[in-house]
Amino acid sequence: MTTSFASHLLGWKRLDKSSTLVANTADTSSETSKALAAAILEHLAIAPVVHGTNPKELGPALEYAVSGDLSDALGRLAPARAWQVDHRELVTAFSQYAHLARLSQLLSEHPELRAELGRDYLIKPDVTVGIEESPDPEDKRPFLHAAVSCKWTIRSDRVQNIRHEFLQMIRHRRGRLPHLVTVTAEPMPSRIAAIARGTGEVDAVYHIAFESLTAAVNAVGSGQQKDDWQECVEQRRVLPYEELASTLAGW
């Protein structure tokens, strides 16, 4: 399965201004990454040509694509619910985290407290999915139903950023925890496993070209890459992106 916007984002790029082409998800310092990323594009029948239509800033492009897609899909799948899908909305805009806005105001008034309490709880998830009905009838803020971290590719620093942000959301919530997920186009199962395995900070990782990555792993993946992919898929730690909207609509 491949999501509707994958073919718009996935493509080829030139390597260091040379004539050599590599997939735009590939880590150019890794032969394994380049081989898997190329195999994904081959499975999708994306010709090895550089197209000017591919976005230059792929990280933000993925965020906007996911935001727009979820907004359309959720409204279609569960039209009776008042969905609010936003890009980089502060968690303090939602009912479970409204108290953090008051804490932020207190720290503004008493800056000497900042060193003790910090401000890393003021998180702006890449995509937020709210429902405009709060368990507290006096609270007019929407309820945060899901927070989506979009990572075009996965590196060790990005894994730590995801874990840190989601851990803060777990610790500071008042009420039910939102669905905390990652969406990625990363071609290497070993790197996906680094966040998918986890210890509970991330509910699941959704891949925008799940079927094509499965085919790529089977075709050119090493034994380790095949083992990592099989583990993550069998444990449902990695899922096709197409399942995300229906999961949120039915939750």
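Use the structure listed above.
Figured I'd write up the structure that's included with this text.

Comments concerning the overall build of the chain
Counting its regular elements, the chain contains ten helices and eight strands. The C-alpha radius of gyration computed for the chain amounts to 19 Å, which stays within 12% of the reference 18 Å derived for 251 residues, consistent with globular compactness. Looking at the 251 residues of the chain, the share that counts as buried comes to 49%. Look at the contacts in the chain between residues 6 or more apart in sequence, and 70% of them connect residues 24 or more apart. As displayed, the chain offers around 11900 Å² of accessible surface, 49% of which is attributable to carbon and sulfur atoms. Averaged over its 27 positive side-chain charges, the chain has a centre that lies 2 Å from the centre of its 32 negative ones.

Comments concerning the layout of surface pockets
The calculated volume of the largest pocket comes to roughly 310 Å³. Lys13, Asn24, Pro55, Lys56 and Leu58 are, among the 18 residues lining the largest pocket, the residues nearest its centre. Breaking the lining of the largest pocket down by element, the ones donating at least two residues are β1 (12-14), α3 (58-77) and β5 (143-151). For the lining of the largest pocket, the leading source of residues is α3, giving three residues. In the lining of the largest pocket, the residues fall into seven nonpolar, six polar and five charged.

Considerations on the pattern of salt bridges
Pairs can form between side chains of opposite charge once their charged atoms are near each other. Within this structure, the stated rule accounts for ten salt bridges. With a shortest N-O distance of 3.2 Å, glutamate 63 and arginine 88 are connected by a salt bridge. Of this pair, glutamate 63 sits in helix α3 while arginine 88 sits in the loop between β3 (83-87) and α4 (98-109), and the two are 25 residues apart along the sequence. Given a relative accessible area of 7%, glutamate 63 falls into the buried group. Owing to a relative accessible area of 39%, arginine 88 belongs among the partly exposed residues under this scheme. In this structure, aspartate 228 and arginine 197 form a salt bridge, with 3.0 Å as the shortest nitrogen-oxygen distance.

Topic: the side chain of glutamate 63
Only 3.2 Å separates the side chain of glutamate 63 from the side chain of arginine 88, close enough to count as a polar contact. Those residues in contact with glutamate 63 that lie beyond four places of it in its chain are His87, Arg88, Asp126, Val127 and Cys150.

Considerations on α3
In a regular helix each residue adds 1.5 Å, so 20 residues correspond to 28 Å; α3 covers 28 Å between its end C-alpha atoms and thus fits that length. Of the residues making up α3, those classed as buried are Leu58, Ala61, Leu62, Glu63, Ala65, Val66, Ser67, Leu70, Ala73 and Leu74. Looking at the packing, one finds that the buried side of α3 touches α1 (6-9), β3, β4 (127-131), β5, β6 (179-184) and α10 (242-249).

Description of the environment of alanine 93
Here alanine 93 lies in the loop between β3 and α4. Not counting residues up to four positions away in its chain, the partners in contact with alanine 93 are Arg141 and Pro142.

As for unusual backbone geometry
Here the phi dihedral of alanine 45 falls at roughly 60 degrees; this positive angle occurs in a residue that is not glycine. Mapped onto the elements, alanine 45 comes out in the loop between α2 (31-43) and α3. Classification of alanine 45 as exposed rests on a relative accessible area of 67%. Notably, arginine 236 is not glycine yet its phi reads approximately 55 degrees, a positive angle. Take arginine 236: it is sitting in the loop between α9 (223-234) and β8 (238-240).

Things to note about the sheet that holds β8
If you walk across this open sheet you meet the six strands as β3-β4-β5-β6-β7-β8, and the pairing is mixed. The open sheet has two edge strands, β3 and β8, and neither has a second partner. Neighbouring strand axes in the sheet, compared pairwise and without regard to direction, differ in orientation by 25 degrees on average. In terms of strand pairing, strand β7 (residues 204-207) meets β8 through three bridges, oriented parallel. Within the sheet, the bridge partner assigned to tyrosine 206 lies in β8 and is leucine 239.

Quick word on the pairing of β6
β6 sits mainly inside the fold: six of its six residues count as buried. Alternating positions in β6 separate into two faces, His179, Val181 and Val183 on one and Leu180, Thr182 and Thr184 on the other, with burial throughout. Bridging between β5 and β6 involves six bridges; their strand directions are parallel. By the bridge assignment for β6, alanine 146 is matched with histidine 179. A crossover links β5 with its parallel partner β6, the connecting element being helix α6 (residues 156-172), and its sense is right-handed. Looking at chain direction, β6 and β7 are connected through four bridges and run parallel. Following the sheet pairing, valine 183 is matched in β7 by tyrosine 206. For the crossover that starts at β6, traverses helix α7 (residues 189-196) and ends in the parallel β7, the hand is right-handed.

Basis of the calculations
Residues numbered from 1 in each chain as written. Predicted model: local features only at pLDDT ≥ 70, side-chain atom pairs only at ≥ 80, totals over all residues. Heavy atoms only, no water. Helix = DSSP H or I, 4+ residues; strand = E, 2+ residues; numbered from the N terminus. Rg over C-alpha atoms; globule rule 2.2 N^0.38 Å. Buried < 20%, exposed > 50% of the residue type's maximum accessible area, 1.4 Å probe, protein only. Contact = heavy atoms within 4.5 Å. Areas by Shrake-Rupley, 256 points an atom, 1.4 Å probe, with all protein chains shown as cover. Lys, Arg positive; Asp, Glu negative; His and termini not counted. Charge placed at Lys NZ, Arg CZ, Asp CG, Glu CD. 1 Å grid on protein atoms, 1.4 Å probe; cavity = no way out; pocket = protein on both sides within 12 Å on 5 of 7 lines; lining within 4 Å. Points joined across faces, edges and corners; volume = space filled by probe spheres on them. Nonpolar A, V, L, I, M, F, W, Y, C, P; charged D, E, K, R; others polar. Salt bridge = Lys/Arg side-chain N within 4 Å of Asp/Glu carboxyl O. Polar contact = N/O pair within 3.5 Å; in protein donor to acceptor, adjacent residues only side chain to side chain. Expected span 1.5 Å × (residues − 1). Pairing = 2+ DSSP bridges. Axes fitted to C-alpha atoms, helices over the stretch in contact; angles between N-to-C directions. Right-handed = clockwise from strand over helix to strand, strands pointing away.

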